[in-house]
Amino acid sequence: MSAAPDLTPVLTVVVISFEMARELPRTLLSLSPGYQQGMEGHLYEVIVVDNGSATPPVAADFAGLGLDLRVLHCTTGTRSPVDALNMGLAASRGGLVCCMIDGARMASPGLLSASIAASRLHPRPIVFSASMMLGHHPQWRAHETGYSAAVEDALLDSIRWPEDGYRLFEVSNGQSSAPSELRWYAPGHESNAVTLPRALWDEVGGYDPGFQTAGGGFSSCDLFSRSAHLPGVQVIVLGGEATFHQFHGKSASTAHRDGLDQLRVFSQEYFRLRNCAFKPVRKPFWFFQMRNQVLQKTTNPTKGAAIPPEQRYLDLLEQRLLNSGAREVEAHLRALVAVLRAEGRADLLKQSRAGRAYQLRRVIGAEQQGLLLDPTLLPSALTMTGRRRLQYLRRCVETVLNQAIPGDLVECGIWRGGSAMMMAGVLVARGDQERKVWLADSFEGLPRQDGDYDTTAQVDLLNANGLAVTEATVRASFTELGLMGDSICFLPGWFCDTLPSAPIERIALLRLDGDHYSSTMDALTALYHKVVSGGFIIIDDYALQPCADAVNAFREMRGIQEPMERIDQMAMAWRKHV
Amino acid sequence: MKTFDAAQVQSWFTRYLADFVDLPESAVTLDTTFAKLGFDSVDSVIISGAFEEAFDVEVDATLFLRNDDLRSLIEDLRASGLIA
Ligand SMILES: C[S@@+](CC[C@H](N)C(=O)[O-])C[C@H]1O[C@@H](n2cnc3c(N)ncnc32)[C@H](O)[C@@H]1O
């Protein structure tokens, strides 16, 4: 005797769409067998219920995804997704049903298999997953942060989505940025992907058609709360899996600028229908986690993995810019020894032996920390900023790329160019060909006047001992390191003359290293307004009083509230919010 | 303009707020500060919405933000003429 194979899907995913031509393809890709992990042995189906889009999605358009997909059309004509959800529930065949009220949400790669595995742990399970938002700031602040569909596309490109769907956690915000770590795990008000056995969906009666505000108001919170309070059920929260909200104009509540007004309308509707307080589910819950990708991603992304070539390259560049190899320095020293011998002053060499160990420690220490030992003894490296500041700069540029912060990279005060070379190096390593690196400098050293102050005495000494570096020298170093190209733009001249008219549109990173009050103030005045939201401002010389005075005065004048972060004993930085 | 009775408003708030934070009604008095109940600005909008629905009135969005406890909130409503 052979029984007919059971073709009942183990799981149905119901996805509601409304005018989501841009977002739905990604959502469906994220639910497809090629992306979802651990679903090989499971039959599952996806039902898209379109809620009245002008041009509804067509199943054939997604044929390549290998999904068991149906597209239904809800024609009740309401702006609330509730009817569409109930329609999807009625059409579903799976033993478990996962409802996604917002078709603009992409899934993490283990969402479906974890939902199935978690539901097997209890006879009456309510499986809850976290809701995240793409972007590094809440999407409802897009009007301040400049977040847009284009920024989001670039963000997704930056993590090479859909290569490794868990990397979505790197470019999104939500629970994990909640004030308490525990918030990550707590079930809260609602889930945008909630899975219940079909019998529980029947018992709870689906979504309440009473919720008729656009986007469904609190219908999804209401569903979660009512099901979590059914007798004998167990709420199970999925760890390490989530859905990720894509930016779109049609989303409910939180993604809106007028979110608070909407919230009030939702609350009125909820009170009218339920006559009780609107609050999160506060029942004991189980926590279920199958994979720890997310932990790895958020704690130590590179641990255990092979070091990627771009990182190797940048590590090497760092060594080179800091001149840690120091062959040339040794050569200089041997040359000095040769000179002294040739001049018959070997006695000086003998004398110097006693103090040498001590002086060597001072020199090396100062160079590593980016401090000047003496105005006549500039370091031998291509940058005088030291390791901490150079690494900080590298991380900032990497962050700019990872987070798709738009704009160019600018340094005011170049000297031999090491810092600017690091900026260029990160762009090269990451294959960025869009952004420019702007190099502003007199290329003849510090100005003698700092506003009303005559600084001739110190400045002449510094300039004569190597602070003045010509543009040709800097260009030659860029060329030597293979970093010269069209994206490297020189702005030769005094800041006050060159910066106000510099053809720079937007700045993602502004690095100021001009030492003087006037140099710092001139650069801030000419360029600060071009720094985009999320952009970095690095002040190299904050430990120098004139520079700190300029920065403090400027921040006060412009009402800049963003906190400054200390990089090392010299430098500070902050990140522009709005 | 509609007006309400202070006792009626107080008892509504006591019941709603206690429900909101899952505490017995006795835990919410005229002097319990909203901060102590853990309300943030989003909560205050939600509570205002429910109040508006229950009493069929419109209140200022800042009603909760500018009052620290039920006593001052009721005084505030009295000053605006909503409570007789
Ligand atoms: C401390 S050095 C820069 C160090 C460099 N950023 C590094 O990574 O080693 C200061 C530079 O600022 C330039 N500079 C200072 N004030 C300036 C101004 N007002 N206009 C143009 N260049 C200026 C000097 O020529 C000098 O090259």
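Residues numbered from 1 in each chain as written. Chains lettered and ligands numbered in written order. Predicted model: local features only at pLDDT ≥ 70, side-chain atom pairs only at ≥ 80, totals over all residues. Heavy atoms only, no water.

A. Structural context of the overall build of chain A. If you tally the helices and strands in chain A, you get 19 helices and 19 strands. The burial tally for chain A puts 51% of its 578 residues in the buried class. Intrachain contacts of chain A at a sequence separation of at least 6 include 79% that bridge at least 24 residues. A total accessible area of about 26,300 Å² is found for chain A, and carbon and sulfur atoms account for 54% of it. (Helix = DSSP H or I, 4+ residues; strand = E, 2+ residues; numbered from the N terminus. Buried < 20%, exposed > 50% of the residue type's maximum accessible area, 1.4 Å probe, protein only. Contact = heavy atoms within 4.5 Å. Areas by Shrake-Rupley, 256 points an atom, 1.4 Å probe, with all protein chains shown as cover.)

B. Region of interest: the overall build of chain B. Counting its secondary structure elements, chain B contains four helices and zero strands. Expressed as a percentage of the 84 residues in chain B, the buried residues total 48%. In chain B, once contacts between residues fewer than 6 apart in sequence are set aside, the share between residues at least 24 apart is 63%. Of the roughly 4,100 Å² that chain B leaves accessible, carbon and sulfur atoms contribute 51%.

C. Main features of the pattern of salt bridges. Within the structure shown, the criterion is met by 38 salt bridges over all chains. A salt bridge links B:Glu75 to B:Arg78; the shortest N-O distance between them is 3.5 Å. One end of the pair, B:Glu75, and the other, B:Arg78, are both in helix α4 (residues 70-79), three residues apart, so they sit about a helical turn from each other. A relative accessible area of 34% places B:Arg78 in the partly exposed class. Three or more residues are tied together by salt bridges with common partners; here these are A:Arg389, A:Glu411, A:Arg511, A:Asp513, A:Asp540 and A:Asp568. (Salt bridge = Lys/Arg side-chain N within 4 Å of Asp/Glu carboxyl O.)

D. Local environment of the interface of chain A and chain B. Taken together, the contact pairs 14 residues of chain A with 18 residues of chain B. In total, chain A and chain B occlude about 1,500 Å² of area from one another, counting both sides; carbon and sulfur atoms represent 55% of this. For the pair chain A and chain B, the number of links is five salt bridges. The partner of B:Asp22 in a salt bridge is A:Arg282, with the nearest N and O atoms 2.7 Å apart. (Buried area = accessible area lost by both parts, 1.4 Å probe.)

E. Just a positive patch on the surface, in detail. Residues and elements named next belong to chain A. On the surface, Arg341, Lys350, Arg353 and Arg356 cluster together into a positively charged patch. No other element matches the three residues that helix α12 (residues 346-369) contributes to the positive patch. With respect to the helices, strands and loops of the structure, Lys350 is situated in helix α12. Note on Lys350: relative accessible area 64%, which makes it exposed. (Patch = residues over 30% accessible without salt bridge, like charges linked within 9 Å, V, L, I, M, F, W, Y side chains within 5 Å. Lys, Arg positive; Asp, Glu negative; His and termini not counted. Charge placed at Lys NZ, Arg CZ, Asp CG, Glu CD.)

F. Region of interest: the packing of aromatic side chains. This model, assessed by the stated rule, comprises 24 aromatic pairs over all chains. Centroid distance A:Tyr528 to A:Trp574: 6.0 Å. Interplanar angle 45 degrees. Geometry classified as tilted. Taken as a pair, A:Tyr528 in the loop between α18 (517-527) and β17 (531-539) and A:Trp574 in strand β19 (residues 572-575) lie far apart in primary sequence, 46 residues in all. Accessibility expressed as a relative area gives 6% for A:Tyr528, which makes it buried. Where B:Phe4 meets B:Phe55, the ring centres are 5.0 Å apart and the plane angle is 85 degrees; that geometry is what we call edge-to-face. Residue B:Phe4 is found in the segment before α1 (6-20), and its partner B:Phe55 is found in helix α3 (residues 41-55); the two are separated by 51 residues along the sequence. Accessibility classification places B:Phe4 together with B:Phe55 in one group, the buried group. By way of ring pairs, the aromatic residues A:Phe271, B:Phe4, B:Trp12, B:Phe13, B:Tyr16, B:Phe20, B:Phe51 and B:Phe55 are connected into one cluster. The aromatic ring of A:Phe490 is capped on one face by A:Arg475, whose charged end is 4.2 Å from the ring centroid. A cation over an aromatic ring shows up here: A:Arg555 above the ring of A:Trp574, its NZ or CZ 4.6 Å from the ring centre. (Phe/Tyr/Trp six-rings, centres within 6.5 Å; stacked < 30°, edge-to-face > 60°. Lys NZ or Arg CZ within 6 Å of the ring centre and 35° of its normal.)

G. Quick peek at the confidence of the model for chain A. On average, residues of chain A score 88 in pLDDT, and 92% of them reach the 70 mark or higher. Considering only residues more than four positions removed or in separate chains, one finds that residues 251-255 of chain A, a stretch of pLDDT under 50, has twelve contacts. (pLDDT = per-residue confidence, 0-100.)

H. Representation of α12(A) in the model. Residues and elements named next belong to chain A. Spanning 24 residues, α12 covers 32 Å between terminal C-alpha atoms, matching the ideal 34 Å at 1.5 Å per step. Within α12, the axis deviates most sharply at Gly355, by approximately 60 degrees. For α12, the complete set of buried residues consists of Leu349, Gly365 and Ala366. (Expected span 1.5 Å × (residues − 1). Bend = angle between axes of the 7 residues up to and from the residue.)

I. Spatial organisation of the confidence of the model for chain B. All names here are of chain B. Confidence along chain B averages 87 in pLDDT terms, with 99% of residues attaining 70 or more. Averaged pLDDT values for the elements of chain B fall to 82 in helix α2 (residues 34-37) and rise to 92 in α1. Confidence metrics for the complex model read pTM 0.58 and ipTM 0.89.

J. Main features of the site of the ligand. All names here are of chain A. Surveying the vicinity of the ligand reveals 21 residues, the closest of which are Met384, Ser419, Asp441, Asp513 and Ser519. Side-chain polar atom of Ser419 to an oxygen atom of the ligand: 2.6 Å apart, as the coordinates give it. A distance of 3.1 Å is found between an oxygen atom of the ligand and a backbone nitrogen or oxygen belonging to Gly445. For the ligand, whose accessible area on its own is 600 Å², the fraction buried by protein is 98%. Here the shell around the ligand is composed, by residue class, of seven nonpolar, nine polar and five charged. (Near = heavy atom within 4 Å. Polar contact = N/O pair within 3.5 Å; in protein donor to acceptor, adjacent residues only side chain to side chain. Nonpolar A, V, L, I, M, F, W, Y, C, P; charged D, E, K, R; others polar.)

K. Highlighting the side chain of A:Gln403. All names here are of chain A. With respect to the element layout, Gln403 can be found in the loop between α13 (386-402) and β11 (408-412). With a relative accessible area of 15%, Gln403 lands in the buried category. Excluding anything up to four places from it in sequence, Gln403 contacts His136, Leu155 and Arg575.

L. Representation of the nonpolar core in the model. In terms of nonpolar packing, the biggest core is built from 68 residues, with A:Trp201, B:Phe13, B:Tyr16 and B:Leu77 touching the most fellow members. Among the elements that line this core, the one with the most residues is α1(B), at eight residues. If we skip the residues at most four places from it in the chain, B:Phe13 touches B:Ala18, B:Ile47, B:Phe51, B:Phe64, B:Leu70, B:Leu73 and B:Leu77. (Core = buried A, V, L, I, M, F, W, Y, C linked by side-chain atoms within 4.5 Å.)

M. The arrangement of the packing of α1(B) against α4(B) in detail. All names here are of chain B. At a minimum axis separation of 11 Å, α1 and α4 run at an interaxial angle of 140 degrees. It follows from the interaxial angle that α1 and α4 lie oblique. The way α1 lies across α4 gives a crossing that is right-handed. Residues Ala6, Val9, Gln10, Phe13, Thr14 and Leu17 of α1 form the contact with α4, whose participating residues are Leu70, Leu73, Ile74, Leu77 and Arg78. (Axes fitted to C-alpha atoms, helices over the stretch in contact; angles between N-to-C directions. Parallel < 35°, antiparallel > 145°, perpendicular 65-115°, else oblique. Left-handed = near helix turned anticlockwise from the far one by under 90°.)

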